[in-house]
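# Structure at a glance
Listed here are the chains, written in short residue letters.
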Amino acid sequence: MIKIGFSKDVHPLKDGVRFVLGGVEIPHYKGSVGYSDGDCLLHAIAEAMLGALSLGDLGKFFPDNDPKYKNYDSQLILKEVFDYVNSKGYEISNLDTMISLEKPKIRDHVKEIRENIARILSCDVKLVSVKATTFEGLGFVGREEGVLCEAIVVLEKSDYMLD
């Protein structure tokens, strides 16, 4: 059985905040602001996985009014979601992501981001795609006010695990 999930997440960028994408800190004078560590990419991936199984959005499981999740490591969020999805018999078949960001350029960080995501999801790095684009100076992304991340995940359940 195959399940497909999609999600997108948006975070504002702010001067003097560390910038983390895919669990990798990227040097930049602005960083992503969020209730947790602001890792827009991992949030989109985790929510896409929840969506694939019709479990609701990320805020249902990690509410932004729960002090436990203040400054929470998004790698733990993704790992907890993956562990739950995996406990239902699903594995990653494919993950495709898109980061919309004017600056910084992340080309030099993509390999490390892919490897980190694959490690968290216990899958081959060949199943993890991380791409980036700019908005050519247009909109909130183009004005460097925020980052937008999108994720599509394909989960596959082994025949022997069917309900």
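As a starting point, this report considers the structure included with it. (Residues numbered from 1 in each chain as written. Predicted model: local features only at pLDDT ≥ 70, side-chain atom pairs only at ≥ 80, totals over all residues. Heavy atoms only, no water.)

### Quick word on the overall build of the protein chain
Counting secondary structure elements, the protein chain contains five helices and seven strands. Helices (α) and strands (β) of the protein chain occur, in sequence order from the N terminus, as β-β-β-β-α-α-α-β-α-β-α-β. Over its C-alpha trace the protein chain gives a radius of gyration of 15 Å, about what one expects of a compact globule, namely 15 Å for 163 residues. A principal-axis box enclosing the C-alpha atoms of the protein chain has dimensions of 50 × 35 × 25 Å. (Helix = DSSP H or I, 4+ residues; strand = E, 2+ residues; numbered from the N terminus. Rg over C-alpha atoms; globule rule 2.2 N^0.38 Å.)

### Focus: the sheet that holds strand 6 (residues 128-133)
The strand order 4-1-7-5-6 describes an open sheet built from five strands, whose pairing is mixed. Bordering the open sheet on either side are strand 4 (30-32) and strand 6, each of which pairs with just one other strand. Going across the sheet, the axis of each strand differs from the next one's by a mean of 20°, ignoring polarity. Across 11 bridges, strand 1 (residues 2-15) lies against strand 7 (residues 146-157) in antiparallel orientation. Residue V10 lies in a different strand from strand 7, and its bridge partner there is L148. Contacts from helix 1 (residues 40-52) reach strand 1, strand 5 (90-100) and strand 7, with the element oriented near 155° to strand 1. (Pairing = 2+ DSSP bridges. Axes fitted to C-alpha atoms, helices over the stretch in contact; angles between N-to-C directions. Contact = heavy atoms within 4.5 Å.)

### Brief notes about the pairing of strand 7
Along any regular strand the residues' side chains alternate between the sheet's two faces. When you tally the buried positions in strand 7, you get nine out of 12 residues, the bulk of the element. Note that strand 5 and strand 7 share 10 bridges and pair antiparallel. Paired with I92 across the two strands is L155, which belongs to strand 7. (Buried < 20%, exposed > 50% of the residue type's maximum accessible area, 1.4 Å probe, protein only.)

### Notes on the environment of K3
Here K3 lies in strand 1. Among the residues examined, K3 registers a relative accessible area of 28% and is labelled partly exposed. For the pair K3 and V154, spaced 151 residues apart in sequence, the C-alpha to C-alpha distance is 5.8 Å. If sequence neighbours within four positions are ignored, K3 has contacts with A52, L53, Y90, V153, V154 and L155.

### Re the pairing of strand 6
Alignment of strand 5 against strand 6, held across six bridges, turns out to be parallel. Bridge pairing in strand 6 places L95 opposite V128. Between strand 5 and its parallel partner strand 6, the chain crosses via helix 4 (residues 110-120), and the hand of that crossover is right-handed. (Right-handed = clockwise from strand over helix to strand, strands pointing away.)

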